[in-house]
Amino acid sequence: MKLHSTLLAACSLVALTGVASAETLTIATVNNGDMIRMQKLTDDFTKDHPDIDLEWVTLEENVLRQKVTTDIATKGGQYDVLTIGNYEVPIWAKQDWLLPLNDLPGDYDAADLLPAIAGGLSVDGTLYAAPFYGESAMVMYRTDLAEKAGVTIPAEPTWDEIKAAAEAMTDKDNGIYGICLRGKAGWGENMAFLGAMSNSYGARWFDMEWKPQFNTEEWKATLTDYLDMMNNYGPPGASSNGFNENLALFQQGKCGMWIDATVAASFVTDPKESKVADSVGFALFPEKGDLGNRGNWLWSWNLAIPASTQKADAAKAFVAWATSKHYTDLVAEQDGWRAAPPGTRTSLYENADYQEAAPFAEMTLESINAVDTNKPSVQEIPYTGAQFVSIPEFQGIGTAVGQQFSAALAGNVTAEQALNNAQQLTQREMMKAGYIK
């Protein structure tokens, strides 16, 4: 009876005011350029959903991961939509922390999602997050500086060729550094890059008995060459530089080369934001010798709905809008096809307008399709992943290892000390978690 009276009162309020009270969705997202663009375009969503208000919590990448992970693990319920990576999705879905997205609108066309991306967001064939953009990694370089330095960067470079080009393009007197790479500590910051680089060097995180492998020649070569390039040809203060900091350096004309996520290509070629937009070339992620492994970097930023939300229908409506073909068209209309969120839909790469506007499109798709998440290393391994290891413990381990390698870049420890510390701390955590008996 009491419930019936409450409903009558609510209906009376709607009748008097003509509107129902709006639901507010709290959306946690990362401060990357594509997400900032999405926030600017949400009037398109709210005009069709006047009963839904949007509240944004926009955070730096490491902070976002920490806050979102803590909230979902404790069922805190602070957020209704989460921006998370393809690392978290299958792990959290198996914990029943995410709502399945098997009932998105019919015109969403989930079959259009790139198989490599959708596969990483599914458990037993069910999608648990919708991809906002997907990426692999590649070399972005200044064609004018390369020409001036008399070097050619091939479409399929080796690390030796990259190092030689970095040396030739470095002009510190004029504030130009041959190479910019991630140095900021974090499992998804410097370890995303170094994880991919180590794959290309033939390294692995663990052997088949889950024993850490930082005491191997492959990891020693990876870290030694990374530090050599960065100390000799990289910008000062690189141990504080992540994706956004290196993007700004490249756009300002300070970097000869930048090896990072393919999603950056649209920003470095944007004449409104990049001083070097008309002189950017692209190459595949480098390989070491003839190992034939170009890093196996595969990442996607995705929108997911925590099981703790009380606003599931409104959250699904927003997720469907933000990752739809309609949204892609909206971005193209607003900022041109070059700016369309990459790496998620087959139809985008079949679009002649996009191919013409985005000179990096073919290489992005080639890089994504080449990734084998079941075999990121050329060695035998007990895990899956790409530039990360798909186990729950990796967040903590990867960040702790990243702190050691960032300290080595800052000159606080030697490469040997950093590797020894990484070996010991990872061994300890894997024993504690029960992987090593």
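Everything here concerns the structure above.
Treat the numbers as computed from the prediction; the structure is a model and nothing was measured. (Residues numbered from 1 in each chain as written. Predicted model: local features only at pLDDT ≥ 70, side-chain atom pairs only at ≥ 80, totals over all residues. Heavy atoms only, no water.)

A. Structural view of the sheet that holds strand 1 (residues 23-30). What the five strands build is an open sheet, ordered 2-1-3-11-6; its pairing is mixed. At either margin of the open sheet sits one strand with a lone partner, and together these are strand 2 (52-59) and strand 6 (130-135). Ignoring strand direction, the axes of neighbouring strands in this sheet form an average angle of 20 degrees. Direction of pairing for strand 6 relative to strand 11 (residues 299-304): antiparallel, over a ladder of five bridges. Directly across from Pro 131, in strand 11, lies its bridge partner Asn 302. Contacts from helix 4 (residues 61-73) reach strand 1, strand 2, strand 3 (81-85) and strand 11 within the one sheet, and its direction differs from that of strand 1 by about 130 degrees. (Pairing = 2+ DSSP bridges. Helix = DSSP H or I, 4+ residues; strand = E, 2+ residues; numbered from the N terminus. Axes fitted to C-alpha atoms, helices over the stretch in contact; angles between N-to-C directions. Contact = heavy atoms within 4.5 Å.)

B. Main features of the packing of helix 9 (residues 190-200) against helix 18 (residues 394-409). At a minimum axis distance of 9 Å, the contact between helix 9 and helix 18 shows a crossing angle of 85 degrees. Looking at the two axes, helix 9 sits roughly perpendicular to helix 18. Contact residues: Asn 190, Met 191 and Leu 194 in helix 9; Gly 398, Val 401, Gly 402, Phe 405 and Ser 406 in helix 18. (Parallel < 35°, antiparallel > 145°, perpendicular 65-115°, else oblique.)

C. Seen up close, the packing of aromatic side chains. One pass over the full model with this rule turns up 35 aromatic pairs. When the ring of Phe 206 is compared with that of Trp 210, the centres are 5.4 Å apart and the planes differ by 55 degrees; the resulting orientation is tilted. Assigned by exposure class, Phe 206 and Trp 210 land together as buried. Where Phe 243 meets Trp 258, the ring centres are 5.5 Å apart and the plane angle is 50 degrees; that geometry is what we call tilted. Here the residue Phe 243 occupies a position in helix 11 (residues 243-251), and Trp 258 occupies one in strand 9 (residues 255-261), the gap between them amounting to 15 residues. As far as the burial class goes, Phe 243 and Trp 258 line up, both buried. The side chain of Arg 65 reaches across the aromatic face of Trp 187, ending 4.4 Å from its centre. One residue, Arg 345, lies across the ring of Tyr 108, its end atom 4.8 Å from the ring centre. (Phe/Tyr/Trp six-rings, centres within 6.5 Å; stacked < 30°, edge-to-face > 60°. Buried < 20%, exposed > 50% of the residue type's maximum accessible area, 1.4 Å probe, protein only. Lys NZ or Arg CZ within 6 Å of the ring centre and 35° of its normal.)

D. Representation of the environment of Leu 227 in the model. Inspection of the secondary structure assignment puts Leu 227 in helix 10 (residues 217-233). Along the backbone, Leu 227 and Asn 421 are 194 residues apart, and their C-alpha atoms lie at a distance of 17 Å. Residue contacts for Leu 227: discarding those within four places in its chain leaves Ala 408, Leu 409 and Ala 415.

E. Summary view of a negative patch on the surface. Side chains of Glu 23, Asp 51, Asp 53 and Asp 313 sit close together on the surface and give a patch of like negative charge. Within the secondary structure, Asp 313 sits in helix 13 (residues 312-322). Judged by relative accessible area, which is 67%, Asp 313 ranks as exposed. (Patch = residues over 30% accessible without salt bridge, like charges linked within 9 Å, V, L, I, M, F, W, Y side chains within 5 Å. Areas by Shrake-Rupley, 256 points an atom, 1.4 Å probe, with all protein chains shown as cover. Salt bridge = Lys/Arg side-chain N within 4 Å of Asp/Glu carboxyl O. Lys, Arg positive; Asp, Glu negative; His and termini not counted. Charge placed at Lys NZ, Arg CZ, Asp CG, Glu CD.)

F. Fine view of the sheet that holds strand 7 (residues 137-142). Taken in spatial order, the four strands make up an open sheet running 8-9-7-10, and their pairing is mixed. The sheet terminates laterally at strand 8 (177-180) and strand 10 (280-284), the two strands that pair on one side only. For this sheet the average axis-to-axis angle between neighbouring strands, irrespective of direction, equals 20 degrees. As judged from the five bridges shared by strand 7 and strand 9, these two strands associate in the antiparallel manner. Within strand 9, the residue paired with Ala 137 across the bridge is Ala 261.

G. Region of interest: the nonpolar core. By size, the foremost hydrophobic cluster in this structure holds 146 residues, and its most contacted members are Ile 179, Phe 193, Trp 205, Tyr 226, Met 257, Phe 318 and Phe 405. Every residue in contact with Phe 405, bar those within four places of it in the chain, is listed here: Asn 190, Met 191, Leu 194, Phe 214, Trp 219, Leu 223, Ala 418, Leu 419 and Ala 422. (Core = buried A, V, L, I, M, F, W, Y, C linked by side-chain atoms within 4.5 Å.)

H. Region of interest: the environment of Pro 342. Assignment of secondary structure puts Pro 342 in the loop between helix 14 (325-335) and helix 15 (346-349). Taking C-alpha positions, Pro 342 is 8.1 Å from Ala 361, a pair spaced 19 residues apart along the chain.

I. Molecular detail of unusual backbone geometry. Residues other than glycine seldom take positive phi values, yet Asp 96 does so here, at roughly 60 degrees. Turning to its location among the elements, Asp 96 is positioned in the loop between helix 5 (88-94) and helix 6 (115-119). With a relative accessible area of 60%, Asp 96 lands in the exposed category.

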